[in-house]
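Read off the chains here:
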Amino acid sequence: MKPRLKKTVVMVGMMGAGKSAVGKELAAVLGVPFLDSDAEIEKAANATIAEIFARDGEAFFRDKEAQVIARLLDGEPCVLSVGGGAFLRAETRRRISDYGVSVWLKADLDTLWARVRRKDTRPLLKTANPYRTLAELMAAREPAYAEADLIVATTADYAIETTAEKVVEALAWRPDVLSVSELPGKP
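Residues numbered from 1 in each chain as written. Predicted model: local features only at pLDDT ≥ 70, side-chain atom pairs only at ≥ 80, totals over all residues. Heavy atoms only, no water.

Peer 1: Even after reading the chapter, I still don't get the overall build of the protein chain, so can you show me in this structure?
Peer 2: Counting its regular elements, the protein chain contains eight helices and five strands. Shown N-terminal to C-terminal, the secondary structure of the protein chain runs as helices and strands in the order β-α-β-α-α-α-β-α-β-α-α-β-α. Over its C-alpha atoms the protein chain spans a radius of gyration of 16 Å, differing by no more than 12% from the 16 Å that the globule rule assigns to 187 residues. Viewed in the frame of its principal axes, the protein chain has a C-alpha envelope of about 55 × 35 × 25 Å. When each of the 187 residues of the protein chain is scored for burial, the buried share is 45%. Residue pairs at least 24 apart in sequence account for 73% of intrachain contacts in the protein chain once pairs closer than 6 positions are excluded. Taken as a whole, the protein chain presents about 9300 Å² of accessible surface, with 52% of it coming from carbon and sulfur. (Helix = DSSP H or I, 4+ residues; strand = E, 2+ residues; numbered from the N terminus. Rg over C-alpha atoms; globule rule 2.2 N^0.38 Å. Buried < 20%, exposed > 50% of the residue type's maximum accessible area, 1.4 Å probe, protein only. Contact = heavy atoms within 4.5 Å. Areas by Shrake-Rupley, 256 points an atom, 1.4 Å probe, with all protein chains shown as cover.)

What follows is the structure, encoded as structure tokens:
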């Protein structure tokens, strides 16, 4: 019997932390849909995130992102991955805590760099020194991420399934989010 999810689980953290990969695995384990706020924004705008950033700027994108996240939180419980900057807005953090539960996938800088350095889909890393930019973004964002409801560490040597298991273990302590009695090994 699959555990029953009562609230949306929102995966937050830096680019490269594994929010989408772990989120998809977590959704499969919990038997709920997986949604990605960036994909939902791209679908609504009929443009890529990079194109939206270039055409309309980051402030416009962040406004639309907040609207999409609010809409998705109003739906049925699911696993939702949000962009790395989404959780920086106090209003979005509050809304996620009120209507779901935030899980910070916390990874170190070297793990993040190893995962993102060869991808050209990260508009914020299109700089002269993307490693330094990533380090600066991480330092600036971690205080907001630290406000997440749950924190789950992830490392380069964790399989996606291992990290998803660790998220389920963390969620098991939140009966308002997950039916604990239905988890394997729980009374």
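Peer 1: For this particular structure, what's the right way to read helix 6 (residues 109-116)?
Peer 2: One turn of the α-helix equals 3.6 residues, which is why residues spaced by three or four share an orientation. When helix 6 is considered as a whole, its buried residues turn out to be Leu109, Thr111, Leu112, Trp113 and Val116. Those residues of helix 6 that are buried are in contact with helix 7 (130-145). The distance from a side-chain oxygen at the start of helix 6 to the backbone nitrogen of Asp110 is 3.1 Å, and the residue carrying that oxygen is Asp108. (Polar contact = N/O pair within 3.5 Å; in protein donor to acceptor, adjacent residues only side chain to side chain.)

Peer 1: Help me understand helix 8 (residues 160-171), please; the structure alone is not making it clear to me.
Peer 2: Look at helix 8: 17 Å from first C-alpha to last across twelve residues, which is about the 16 Å you get at 1.5 Å a residue. Listing the buried residues of helix 8 in full gives Thr163, Ala164, Val167, Val168, Ala170 and Leu171. Here the buried residues of helix 8 occupy an arc of 160 degrees about the axis, which is enough to place them on one side. If you follow the buried residues of helix 8, they end up packed against strand 1 (8-12), helix 1 (19-30), strand 4 (100-106) and strand 5 (150-153). (Expected span 1.5 Å × (residues − 1). Arc of directions from axis to C-beta.)

Peer 1: Teacher, can you tell me more about the pattern of salt bridges here?
Peer 2: Opposite charge on two side chains makes pairing possible when the charged atoms of those side chains draw close. Going through the model one piece at a time under the given rule, you end up with ten salt bridges. Measuring nitrogen to oxygen at the nearest pair gives 3.2 Å for the salt bridge that ties Arg62 to Glu58. Taken together, the residues Arg62 and Glu58, both in helix 4 (residues 58-73) and four residues apart, mark about one turn of the helix. Arg93 serves as the salt-bridge partner of Glu147, at 3.2 Å between the closest nitrogen and oxygen. Placement of the pair is Glu147 in the loop between helix 7 and strand 5 and Arg93 in helix 5 (residues 90-99), with a sequence separation of 54 residues. With relative accessibility at 14%, the residue Arg93 sits in the buried group. Each member of the salt-bridge network shares a partner with another, and the members are Lys7, Arg174 and Asp176. (Salt bridge = Lys/Arg side-chain N within 4 Å of Asp/Glu carboxyl O.)

Peer 1: Sorry, what's going on with the pairing of strand 4 here?
Peer 2: Looking along a regular strand, one sees the side chains alternate between the two faces of the sheet. Of all the seven residues making up strand 4, six are buried; the element is thus mostly covered by neighbouring parts of the structure. The pairing of strand 1 with strand 4 spans five bridges and is classified as parallel. By the bridge assignment, Met11 is partnered in strand 4 with Val103. Pairing analysis gives four bridges linking strand 4 to strand 5, with the strands arranged parallel. Its bridge partner lying in strand 5, Val103 is registered against Leu150. (Pairing = 2+ DSSP bridges.)

Peer 1: When you look at the packing of aromatic side chains in this model, what are you seeing that I'm missing?
Peer 2: Geometrically, a pair of aromatic rings is defined through the distance of the ring centres and the angle of the planes. The full count for this structure, using the stated rule, is three aromatic pairs. Measuring from ring centre to ring centre gives 5.7 Å for Trp104 and Tyr145, while their planes differ by 45 degrees; the resulting arrangement is tilted. Of this pair, Trp104 sits in strand 4 while Tyr145 sits in helix 7, placing them 41 residues apart in sequence. Accessibility assignment for this pair places Trp104 and Tyr145 in one class, buried. (Phe/Tyr/Trp six-rings, centres within 6.5 Å; stacked < 30°, edge-to-face > 60°.)

Peer 1: Sorry, what's going on with the environment of Ala135 here?
Peer 2: By the element assignment, Ala135 lies in helix 7. Spatially, the C-alpha atom of Ala135 lies 9.7 Å from that of Asp108, the residues being 27 residues apart in sequence.

Peer 1: Explain the nonpolar core here, please?
Peer 2: Soluble, globular proteins show a tendency: their nonpolar side chains are buried together. Counting residues in hydrophobic clusters, the biggest one holds 54 residues, and the most contacted among them are Val9, Met11, Leu30, Leu134, Val167 and Leu171. Those residues in contact with Met11 that lie beyond four places of it in its chain are Lys19, Val22, Gly23, Leu26, Val79, Leu80, Ser81, Val82, Val103, Leu105 and Val167. (Core = buried A, V, L, I, M, F, W, Y, C linked by side-chain atoms within 4.5 Å.)

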